[in-house]
Amino acid sequence: MPTFPSVDEQLAYIKKGSAEIIRETELRVKLDKSRATGKPLRVKLGMDPTAPDLHLGHTVVLRKLKHFQDLGHTVIFLIGDFTGMIGDPTGRSATRPPLSREQIEQNAETYKAQVFKILDPQKTVIDFNRRWFAKFTADDFIRLAAKYTVSQMLEREDFHKRFREEKPIAVHELLYPLAQGYDSVALEADVELGGTDQKFNLLVGRELQRAYGQEAQVVLTTPILEGWRSGEEKMSKSLDNAIGIHELPVEMYGKVMAISDDKMWKYYELLTDVQLPEIEKMKSEAHPMVAKKELARRIVADFHSADVATKAGGEWAKQFQKDEVPADVERAEVQPDGLRGIRLQDGRWPIRLDKLLARCGLADSVSDASRKIKQKAVSVDGRTETNIEVPLPLPTDLVIRVGRKIKKVAISS
């Protein structure tokens, strides 16, 4: 019979980095019963494979699932290959366009590989909700829909807002919370995890379990992680502030080093297994730069390896602390056509920096380059540039840095 730590020890570990537990008293009872019987809790996290790559923001709740795994409980990573076809309406002001079956299957395969960078593959149950929904009949869906009312659905903030603004709400969107909630019934979940934005869907699972004669699951939500750039926007690829778990080690390391000192401690809490007392000790005793380097090392090691993390730290120091340019830095050669304006009296040429960044591959587009310049993320020969046009002699060789990227750029005459 497996043995578990004391309930107080388990709760302390579980509560680290948690936003809300509904309800903690129920979780304590479940943990106590688990210790008495030796039966691990069934802890569920569902994700729809709507994008091929995960970033650190996604790993906050994955790490909480790992904490339950560390404590000896059964963790279930549920891939929503059925619910992904519906599209989660959470936070949406309009109906989400559906993904094809082929897209869902491709993304699901990448999810399986990526989650094992956090979870133990030998101790993780991977399941797909098409396993039970493929067998659902029209009668089953009608019975499921009868468990919840339209007025209950419209209590949901995003639905309520769209209804008030007379924006369309498709019927299949109303089915999404019911489908996600039924996953908990099918898996007989004791605990379900999700971000704070998933609270409504998770609570529907509690209600449906009661309706199907099961004990209601405990809901645990985790905070939404802020992006690495300045500001409080959530981490998102569309906001260009995400740290992808497949990024190059030195880029990942450098982005972590670019976060503010205040944000660093939240990253420690949400993205590492370091306990809160140790984090508090570091706050009072460690130099912020030393603590941030350790955070960057830990994060890179999680998704690559300890040796790679050490090497990335050395590369970062070489590039950004000692202001050196690596010998193997990539080189780009560009023609000035379309970049330069009318020659200045001093013999230099006004060069459109935004177009230059896009042309040499340091930005995805001219508008992306313009945004990076405004964010003060661009330096030319060690000087931060905030102007769209910069006067340069031609021909010229430059070292241009954009965020963590660096290139030697040669502009011909």
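Scroll up for the structure.
Here we summarise the structure given alongside this text.

Conventions used here
Residues numbered from 1 in each chain as written. Predicted model: local features only at pLDDT ≥ 70, side-chain atom pairs only at ≥ 80, totals over all residues. Heavy atoms only, no water. Pairing = 2+ DSSP bridges. Helix = DSSP H or I, 4+ residues; strand = E, 2+ residues; numbered from the N terminus. Core = buried A, V, L, I, M, F, W, Y, C linked by side-chain atoms within 4.5 Å. Buried < 20%, exposed > 50% of the residue type's maximum accessible area, 1.4 Å probe, protein only. Contact = heavy atoms within 4.5 Å. Axes fitted to C-alpha atoms, helices over the stretch in contact; angles between N-to-C directions. Parallel < 35°, antiparallel > 145°, perpendicular 65-115°, else oblique. Left-handed = near helix turned anticlockwise from the far one by under 90°. Nonpolar A, V, L, I, M, F, W, Y, C, P; charged D, E, K, R; others polar. Salt bridge = Lys/Arg side-chain N within 4 Å of Asp/Glu carboxyl O. Phe/Tyr/Trp six-rings, centres within 6.5 Å; stacked < 30°, edge-to-face > 60°. Lys NZ or Arg CZ within 6 Å of the ring centre and 35° of its normal. Polar contact = N/O pair within 3.5 Å; in protein donor to acceptor, adjacent residues only side chain to side chain.

### Brief notes about the pairing of strand β2 (residues 42-47)
Part 1 of the reasoning: One ladder, built from six bridges, connects β2 with strand β3 (residues 74-79); its direction is parallel. If you follow G46 over to β3, its bridge partner there is L78.

### As for the nonpolar core
Part 1 of the reasoning: Ranked by internal contacts, the top residues of the largest apolar core, which has 62 residues, are L27, L56, L62, F77, L193, Y267 and Y268.
Part 2 of the reasoning: Here this core takes seven residues from helix α15 (residues 288-303), the largest share from any one element.
Part 3 of the reasoning: The contacts of L193, once residues within four sequence positions are left out, are V43, K44, L45, V61, K64, L65, F68, L202 and L220.
Part 4 of the reasoning: Of all hydrophobic cores here, the second largest spans 23 residues; its members include A332, L357, V380 and I400.

### Some words on the packing of helix α1 (residues 7-15) against helix α3 (residues 56-70)
Part 1 of the reasoning: Put simply, α1 and α3 touch, their axes get as near as 9 Å, and they point 165° apart. Taken together, α1 and α3 sit at an angle that is classed as roughly antiparallel. Between α1 and α3 lies a crossing whose hand is right-handed. Only K64, H67, F68 and D70 of α3 make contact with α1, whose side of the interface consists of Y13, I14 and K15.
Part 2 of the reasoning: Residues that form the contact of α1 with α3 fall into these classes: three nonpolar, one polar and three charged.

### Topic: the packing of helix α13 (residues 261-271) against helix α14 (residues 276-285)
Part 1 of the reasoning: Taken N-terminus to C-terminus, the directions of α13 and α14 make an angle of 160°; their axes are 10 Å apart at the nearest point. Taken together, the axis directions place α13 and α14 in an arrangement best described as roughly antiparallel. Crossing of α13 against α14: the hand is right-handed. Between α13 and α14, the residues in contact are W265, Y268 and E269 and L276, I279, M282 and K283, respectively.

### Focus on the pattern of salt bridges
Part 1 of the reasoning: For the coordinates displayed, the defined rule picks out 30 salt bridges.
Part 2 of the reasoning: When the shortest N-O distance is used, the salt bridge between R28 and D8 registers 3.0 Å. Of the two residues, R28 is situated in helix α2 (residues 24-37) and D8 in helix α1; the sequence distance between them amounts to 20 residues.
Part 3 of the reasoning: We note a salt bridge from D368 to R371, for which the minimum N-O separation is 2.7 Å. Residue D368 and its partner R371 are both found in helix α18 (residues 366-374); the two are separated by three residues, about one turn of the helix.
Part 4 of the reasoning: For D368, a relative accessible area of 5% puts it in the buried group.
Part 5 of the reasoning: Judged by relative accessible area, R371 falls into the partly exposed class, the value being 36%.
Part 6 of the reasoning: The structure contains a network of salt bridges with shared partners spanning R63, K66, D70, D273 and D302.

### Details of the sheet that holds strand β9 (residues 378-380)
Pairing between sheet strands relies on hydrogen bonds along the backbone, with the strands arranged either parallel or antiparallel.
Part 1 of the reasoning: Taken together, the five strands give an open sheet; going across it, the order is β7-β13-β12-β9-β10, and neighbouring strands pair in mixed fashion. Among the strands making up the open sheet, the edge pair consists of β7 (331-334) and β10 (383-384).

### A word on the packing of aromatic side chains
Part 1 of the reasoning: For the structure on display, the rule yields 10 aromatic pairs.
Part 2 of the reasoning: Ring geometry for Y253 against W316: centres 6.0 Å apart, planes inclined by 45°, an arrangement best described as tilted. Of this pair, Y253 sits in helix α12 (residues 249-257) while W316 sits in helix α16 (residues 306-321), and the two are 63 residues apart along the sequence.
Part 3 of the reasoning: Linked through ring pairs, F82, F133, F136, F141, Y182 and Y212 together constitute an aromatic cluster.
Part 4 of the reasoning: One cation-aromatic arrangement involves K147 over Y212; the distance from NZ or CZ to the ring centre is 4.8 Å.
Part 5 of the reasoning: Of note, R340 hangs over the ring of W349, and the distance from its end group to the ring centre comes to 4.7 Å.

### Some remarks on the sheet that holds strand β4 (residues 124-128)
Part 1 of the reasoning: Strand order in the open sheet formed by six strands is β1-β6-β5-β2-β3-β4, with mixed pairing between adjacent strands. Of all the strands in the sheet, just β1 (20-22) and β4 have a single pairing partner and so form its edges. Here the average twist between neighbouring strands, direction ignored, is 25°.
Part 2 of the reasoning: Lying over the sheet, helix α10 (residues 171-187) contacts β2, β3, β4 and β5 (191-195), oriented at roughly 150° with respect to β2.

### Examining α13
Part 1 of the reasoning: The set of residues buried in α13 consists of K263, M264, W265, Y267, Y268, L270 and L271.
Part 2 of the reasoning: The inward-facing, buried residues of α13 abut α3, α14 and α15.

### What to know about the side chain of T59
Part 1 of the reasoning: Topologically, T59 is positioned in helix α3.
Part 2 of the reasoning: By relative accessible area, which is 2% here, T59 ends up buried.
Part 3 of the reasoning: At 2.7 Å, the side chain of T59 forms a polar contact with the backbone oxygen of L56.

### Things to note about the environment of K355
Part 1 of the reasoning: Inspection of the secondary structure puts K355 in helix α17 (residues 353-359).
Part 2 of the reasoning: Its relative accessible area of 33% is what places K355 among the partly exposed residues.
Part 3 of the reasoning: Sequence separation between K355 and Q69 is 286 residues, and the spatial gap between their C-alpha atoms is 49 Å.
Part 4 of the reasoning: Apart from residues lying up to four places away in sequence, K355 is in contact with G338, L339 and V366.

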